[in-house]
Amino acid sequence: MKEKIIFDNLPRHIAIIMDGNGRWAEKRNLDRIEGHIKGIDSLRNILKSSLEFRIKYLTVFAFSSENWQRPKKEVDSLMHLLEQYISTELPMLIKNKINFNIIGNIEKIPYSAKKNILDAIDKTSGYSDIFLALALSYGAREEIINSAAKLALDFKKGKLKNLDSINDDIFSSYLYTKNIPDPDLLIRTGGEERISNFLLFQIAYTELYFTKTMWPDFGRKNLISALKNYEKRVRRFGKIKV
Ligand code: FPP
């Protein structure tokens, strides 16, 4: 039986850059896609642990707008894995009342995967126990630019009365993440210490946690370490501690 872990202070929203699948596979002389397959297992485990620890929001970077430039074989395999992942996981999402969504440019996703995604979004839209968002064909700069363009259009149409009234909340309501609070904790696996165009607007005050563990090796224990590390952080949001 798993020991029950007590946390003083848990993040409400965790965002994850699931990096290192390719290197994990290459180190074992395996095809990179084997790393992505193991990466899906890690995602399953982390979702399970998020349910166990009652993390309300989980947003994971599954495919960036730049990832389309990878060799066609890898892109096709990832899209195939995505299609399979959604249909295999749908009963689990429903059973656990997980609200599934995606952030990113869904238009670019091949029809067979898109069909499963839209079906899962539709079938889980009424749930609010936990929110899982997959970032797919996602790029933060593109998101911000598109949001600014939509906002400018609304202003032109007279939907926004004056430019001075635009604040964080109004701008946030144009982002893909409009119904999701900003992440409290961002985890990046795989040893790189950068943000790679993920949630640039939303992570202004997010706590960052980098680990050398490759995503296929990242499990419940590693998540606990990240959460224990987060517990010690003092968040000031630009103010001073009182
Ligand atoms: C980064 O590893 C990972 C990705 C580009 C894809 C992430 C995908 C998964 C974890 C599987 C779940 C995905 C779906 C489709 C549901 P990398 O390939 O950049 O690794 P590297 O930095 O070692 O090359």
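Below is a summary of the structure that appears in this document. (Residues numbered from 1 in each chain as written. Predicted model: local features only at pLDDT ≥ 70, side-chain atom pairs only at ≥ 80, totals over all residues. Heavy atoms only, no water.)

## Some details on the sheet that holds strand S1 (residues 13–17)
At step 1: With parallel pairing, 6 strands are arranged side by side in an open sheet as S3-S4-S2-S1-S5-S6. Strand pairing shows two members of the sheet lacking a second neighbour, strand S3 (98–103) and strand S6 (207–210), which therefore form its edges. Each adjacent strand pair in this sheet contributes to an overall mean axis angle of 20°, direction not counted.
At step 2: Taken together, the 4 bridges between strand S5 (residues 185–188) and S6 define a ladder with parallel strand orientation. The residue bridging Leu185 from the neighbouring strand is Glu207, located in S6.
At step 3: Packing against the sheet, helix H2 (residues 32–52) makes contact with S1, strand S2 (57–64), S3 and strand S4 (130–138), and its axis sits at approximately 150° to S4.
At step 4: Across the sheet, helix H7 (residues 220–231) touches S1, S5 and S6, and the angle it forms with S5 is around 140°. (Pairing = 2+ DSSP bridges. Helix = DSSP H or I, 4+ residues; strand = E, 2+ residues; numbered from the N terminus. Axes fitted to C-alpha atoms, helices over the stretch in contact; angles between N-to-C directions. Contact = heavy atoms within 4.5 Å.)

## A short note on the packing of H2 against helix H3 (residues 72–95)
At step 1: Closest axis-to-axis distance for the H2/H3 pair is 11 Å, and the angle between their directions is 25°. If you check the angle between H2 and H3, you find them roughly parallel. As for the relative orientation of H2 and H3, their crossing is right-handed in sense. For the pair H2 and H3, contact is made by Arg32, Ile33, His36, Ile37, Ile40, Leu43, Arg44 and Leu47 and by Glu74, Ser77, Leu78, Leu81, Tyr85, Thr88, Glu89, Met92 and Leu93, respectively.
At step 2: Each residue belonging to the contact of H2 with H3 can be placed in one class, and the counts come to 10 nonpolar, 3 polar and 4 charged. (Parallel < 35°, antiparallel > 145°, perpendicular 65-115°, else oblique. Left-handed = near helix turned anticlockwise from the far one by under 90°. Nonpolar A, V, L, I, M, F, W, Y, C, P; charged D, E, K, R; others polar.)

## As for the site of the ligand
At step 1: Taken together, 17 residues lie around the ligand, and Asp19, Gly22, Arg23, Arg32 and Arg70 are the ones closest in.
At step 2: Here an oxygen atom of the ligand and a backbone polar atom of Arg23 are 2.7 Å apart.
At step 3: Between the ligand and the protein, one listed contact pairs an oxygen atom with a side-chain N or O atom of Arg32 at 2.9 Å.
At step 4: Contact with the protein chains removes 92% of the 610 Å² of surface that the ligand exposes when unbound.
At step 5: Residues of the shell around the ligand, tallied by class, amount to 7 nonpolar, 6 polar and 4 charged. (Near = heavy atom within 4 Å. Polar contact = N/O pair within 3.5 Å; in protein donor to acceptor, adjacent residues only side chain to side chain. Areas by Shrake-Rupley, 256 points an atom, 1.4 Å probe, with all protein chains shown as cover.)

## Let's talk about the environment of Phe201
At step 1: In this structure, Phe201 sits in the loop between S5 and S6.
At step 2: You can call Phe201 partly exposed: its relative accessible area is 27%.
At step 3: Expressed as a C-alpha distance, the spacing of Phe201 and Glu143, which sit 58 residues apart in the sequence, is 9.2 Å.
At step 4: In contact with Phe201, other than residues within four places in its own chain, are Ile144, Asp168, Phe171, Ser172 and Leu175. (Buried < 20%, exposed > 50% of the residue type's maximum accessible area, 1.4 Å probe, protein only.)

## Details of the nonpolar core
At step 1: Grouped together as the largest cluster of nonpolar side chains are 47 residues, with contacts concentrated most on Ile14, Ile16, Leu82, Phe100, Ile117, Leu134 and Ile187.
At step 2: With 9 residues, the single largest contributor to this core is H3.
At step 3: Excluding residues that lie within four positions of it along the chain, Ile187 makes contacts with Ile14, Ala15, Ile16, Ile17, Tyr209, Phe218, Leu223 and Ala226.
At step 4: Formed by 12 residues, the second largest nonpolar core is a distinct cluster that contains Ile17, Ile103, Leu199 and Ile203. (Core = buried A, V, L, I, M, F, W, Y, C linked by side-chain atoms within 4.5 Å.)

## Quick notes on the side chain of Asp184
At step 1: Position of Asp184 among the secondary structure elements: in the loop between helix H6 (168–172) and S5.
At step 2: A distance of 2.8 Å separates a polar side-chain atom of Asp184 from the backbone nitrogen of Arg12.
At step 3: Excluding its chain neighbours within four sequence positions, the residues that come into contact with Asp184 are Pro11, Arg12, His13, Thr206, Glu207, Tyr230 and Arg235.

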